[in-house]
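So you can see what is in the structure, the chains are spelled out below.
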Amino acid sequence: MAIAIPTIRQPQRRPKVLRRLRLLDLIHQNVHRKLTFICAPAGYGKTTLLIDFAEDANVVSCWYQIDSNDLGLSQFFRHLLVSVREKYPNFGTALDEISFQRTSINPRSLATELINEFIAEINDFTLLIFDDYHIVTEDIEIISFVEHLLEFLPDHIRIVIGSRSVYGIPTALLYVNEELVIVNDEDLRFRASEV
């Protein structure tokens, strides 16, 4: 299946949209954590906040807008790989064969392969941004892959997720290890000073 280029490129910021400095500061203060999880119903500005943070962070940001056609670990992984290649063109060529397999792929092994590629090929601090993550939260293999990715994520790679649901994130372990920050619908509500 072909990959739609807009799903792996950061969208343009819409003009005249308020920059949420309070929320950007919150994310910046916690960027040392493995996962920043922005969770709220539709219409709360999650994607806009992700775009603003990617622009504001002044680091390499690899964008992946998850689509309803991305179900299945092979498809998800292929999109993630191409997203990283948008910024690092030679990244993970050894993983191409794995990503096109139609048979079952072990999520833990695949995450380990990707982590090793991050360590071997990327030196810059890099954000992996997944938007609309709720679309894949019922796919056990994808959830397992992301869980293992987070478990061994190198210090120079961070994941930022936008989702309508908290389901599918190993929050307990990340929370205990202080590797998680959650921005929820209460945080995303406008304050009087912002209005």
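Residues numbered from 1 in each chain as written. Predicted model: local features only at pLDDT ≥ 70, side-chain atom pairs only at ≥ 80, totals over all residues. Heavy atoms only, no water.

Caption draft 1: How the structure looks around the side chain of histidine 134. Positionally, histidine 134 belongs in the loop between β3 (126–131) and α6 (140–151). For histidine 134, a relative accessible area of 18% gives the class buried. If we ignore the near neighbours within four places in the chain, the residues touching histidine 134 are Ser163, Arg164 and Ser165. (Helix = DSSP H or I, 4+ residues; strand = E, 2+ residues; numbered from the N terminus. Buried < 20%, exposed > 50% of the residue type's maximum accessible area, 1.4 Å probe, protein only. Contact = heavy atoms within 4.5 Å.)

Caption draft 2: The arrangement of the pattern of salt bridges in detail. Applying the stated criterion across every chain yields a total of six salt bridges. In this structure, arginine 108 and glutamate 151 form a salt bridge, with 3.9 Å as the shortest nitrogen-oxygen distance. Of this pair, arginine 108 sits in helix α5 (residues 107–121) while glutamate 151 sits in helix α6; the two residues are 43 residues apart in sequence, bridging distant segments of the chain. (Salt bridge = Lys/Arg side-chain N within 4 Å of Asp/Glu carboxyl O.)

Caption draft 3: View of the pairing of strand β1 (residues 35–39). For β1, the tally of buried residues reaches five of five residues, placing the bulk of the element in the interior. Side chains of β1 alternate between two faces, with Leu35, Phe37 and Cys39 and Thr36 and Ile38 buried alike. By the bridge criterion, five bridges tie β1 to strand β4 (residues 157–163) in an arrangement that is parallel. If you follow leucine 35 over to β4, its bridge partner there is isoleucine 159. (Pairing = 2+ DSSP bridges.)

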